[in-house]
Amino acid sequence: SDSGIPAVEPMISASQTAPSVYMIHLEGQFGRDISPTPVRDAVEKARKEQPDFLVVYLNNDWSFFGGEIPDDYQVAFDWFSVADKIEPIFTKEIELNWEKQPEVIFWVRNAMGGAAFLPFLADKIYMHPEGRIGGIGTLEQMFDGVGDEVVRQKQRSLRLARAQGLAIAGGYDYRLVDAMARRSYVLSYDPTTGELLARMPENPGEIVLTDDGEDDRGDTMRQLVTGEGDDVLTLKPKEAIQIGVSAGTAKDEEELLELLGILRNHRMIKSRSDQILESWADRVDRAERQIPRLWEDYNEVQGGGDPNEQRRAIGQRISILEEMQNLYRRYGEAFNPMGGGVPNIADLELRIEQHRIELLLIND
């Protein structure tokens, strides 16, 4: 893996009854490299080993053309739909399919954009010293200029409620999701009690997590890009511990195992998650290149001539469209819409039907 985290040999030889640890690295672009199919495959490989601890190291790429994406990136909340599909893998499927229930640990370096929802699926969250959870604001601007305001509000409420539900199910305060997603939401905390307060600080010692971003309280572009602003919430290790989201901060595997209390006696099981995610990313790249090429081939099929030639041409077109359809079905969850005139999967189905009707209408 390119995670930069050195593997650790146990300091003394572990006994056969020592707790076992299986680590999955989720790295790369959320929704493309980190998407439901490879995550499900990686968790399924872990199931066969029956570990006591399933540790998920999360470090999604949060850059765009070489620069950092601002924390209030407009469409980031929409990536929640990917997290929504990954959620049952760590909750329902582990509960149903695993004989021995592991303790699910998320160790967070970068959980930004849609990936911000994943740590809430864990039994415990630990953070890297540079860890951060956020980047999903601002929901209020979503769908601006699209349709009617009542419909827009409804769409925003539905998305927010589903995301809040995911946090609540994991035992976390739903107001954290509000503060991450809504610029107008104000959230402070009392560091002595760790209590969250849905208002600006009123008493000595209370600290603002997010203000309303109005007037001179608005974040500068620099603050948004470096994640130092407070218009939308980006959780860092210190606050995450104080408000009870994080159970501790670990810079490497050794520190994490120490925090879990198993550094001196554990068995690290060899994980295949890196190969699974890498081979998925390669296949997605290939499919994305293949689809436009197939579409060109489709458009180049010559269709005149006698009835047999016509049938052959239509058959060729159908088989090209079916090949495209197959690639969409297998890898479409990780594509951006293809663009460039390439039809989407629903259009492919329609074209295939039309061609089948054409075949029936050919008279000898």
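The notes below deal with the structure included here. Just so you know, these numbers come straight off a predicted model, no measurement behind them.

Rules used throughout
Residues numbered from 1 in each chain as written. Predicted model: local features only at pLDDT ≥ 70, side-chain atom pairs only at ≥ 80, totals over all residues. Heavy atoms only, no water. Helix = DSSP H or I, 4+ residues; strand = E, 2+ residues; numbered from the N terminus. Buried < 20%, exposed > 50% of the residue type's maximum accessible area, 1.4 Å probe, protein only. Areas by Shrake-Rupley, 256 points an atom, 1.4 Å probe, with all protein chains shown as cover. Pairing = 2+ DSSP bridges. Axes fitted to C-alpha atoms, helices over the stretch in contact; angles between N-to-C directions. Patch = residues over 30% accessible without salt bridge, like charges linked within 9 Å, V, L, I, M, F, W, Y side chains within 5 Å. Salt bridge = Lys/Arg side-chain N within 4 Å of Asp/Glu carboxyl O. Lys, Arg positive; Asp, Glu negative; His and termini not counted. Charge placed at Lys NZ, Arg CZ, Asp CG, Glu CD. Contact = heavy atoms within 4.5 Å. Expected span 1.5 Å × (residues − 1). Parallel < 35°, antiparallel > 145°, perpendicular 65-115°, else oblique. Left-handed = near helix turned anticlockwise from the far one by under 90°. Nonpolar A, V, L, I, M, F, W, Y, C, P; charged D, E, K, R; others polar. Phe/Tyr/Trp six-rings, centres within 6.5 Å; stacked < 30°, edge-to-face > 60°.

Per the secondary structure count, the protein chain includes 11 helices and 10 strands. When the 364 residues of the protein chain are sorted by exposure, 47% land in the buried category. Of the roughly 18,100 Å² of accessible surface on the protein chain, a fraction of 49% belongs to carbon and sulfur atoms.

Turning to the sheet that holds strand β5 (residues 103-112), a few remarks are in order. As summarised here, the arrangement of the five strands in space is β6-β5-β2-β1-β10, forming an open sheet in which the pairing is parallel. The sheet is open, and its two borders are formed by β6 (124-134) and β10 (267-269), each paired with just one other strand. Taking the axes of each pair of neighbouring strands and ignoring which way they run, one obtains an average angle of 20° across the sheet. The sheet contact formed by β5 and β6 spans seven bridges and is parallel. Along β6, the bridge assignment pairs Ile-105 with Lys-124.

On the surface, Glu-296, Asp-297, Glu-300 and Glu-323 cluster together into a negatively charged patch. The greatest single-element share of the negative patch, amounting to three residues, is contributed by helix α9 (residues 273-300). With respect to the helices and strands, the residue Glu-300 is situated in helix α9.

Let's shift gears to the sheet that holds strand β8 (residues 195-197). Reading across the sheet, the three strands line up as β8-β7-β9 and stay open at both edges, with antiparallel pairing between neighbours. Either end of the sheet is taken by a strand with one partner, and the two such strands are β8 and β9 (207-210). Strand-to-strand, the axes of this sheet are offset by a mean angle of 35°, without reference to chain direction. With three bridges connecting them, strand β7 (residues 187-190) and β9 associate as antiparallel partners. The partner of Tyr-189 across the bridge, within β9, is Ile-207. Docked against the sheet, helix α5 (residues 174-181) engages β7, β8 and β9, running at close to 135° with respect to β7.

For the rest of this paragraph, the subject is helix α4 (residues 149-169). Relative to the 30 Å expected for 21 residues at 1.5 Å per residue, α4 spans 30 Å between its end C-alpha atoms, a close match to the ideal helical length. Those residues of α4 that are buried lie in contact with α2 (80-90) and α5. The positive-phi residue at the C-terminal boundary of α4 is Gly-171, with phi of around 85°.

The next thing to look at is the packing of helix α1 (residues 36-49) against α9. One can describe the packing of α1 onto α9 by two numbers: an axis separation of 9 Å at closest approach and a directional angle of 160°. Overall, the two elements α1 and α9 adopt an arrangement that is roughly antiparallel. Like other packed secondary-structure pairs, α1 and α9 cross with a definite hand, here right-handed. Between α1, through Thr-37, Pro-38, Asp-41, Ala-42 and Lys-45, and α9, the contact on the second element is made entirely by Ser-273, Ile-276, Leu-277 and Trp-280. Counted by class, the contact of α1 with α9 contains five nonpolar, two polar and two charged residues.

The next thing to look at is the pairing of strand β1 (residues 20-28). With nine of its nine residues buried, β1 lies for the most part within the structure. Across three bridges, the pairing between β1 and β10 is parallel. Directly across from Val-21, in β10, lies its bridge partner Met-268. As paired elements, β1 and strand β2 (residues 53-60) share eight bridges and run parallel to each other. Paired with Met-23 across the bridge in β2 is Val-55.

To continue, consider the environment of Ile-133. Residue placement: Ile-133 occurs in strand β6. Through-space distance from the C-alpha of Ile-133 to that of Pro-237 is 9.1 Å; in sequence the pair is 104 residues apart. Residues within four places of Ile-133 in sequence aside, it is in contact with Val-108, Ala-111, Met-112, Ala-116, Pro-119, Met-127, Met-180, Leu-233, Thr-234 and Leu-235.

Applying the stated criterion across every chain, the model contains seven aromatic pairs. Plain terms: the ring middles of Phe-90 and Phe-106 are 5.4 Å apart, the flat faces sit at 70° to each other, and that makes the pair edge-to-face. Highlighted residues: Phe-90 in helix α2 and Phe-106 in strand β5, separated in sequence by 16 residues. Classification of Phe-106 as buried rests on a relative accessible area of 0%.

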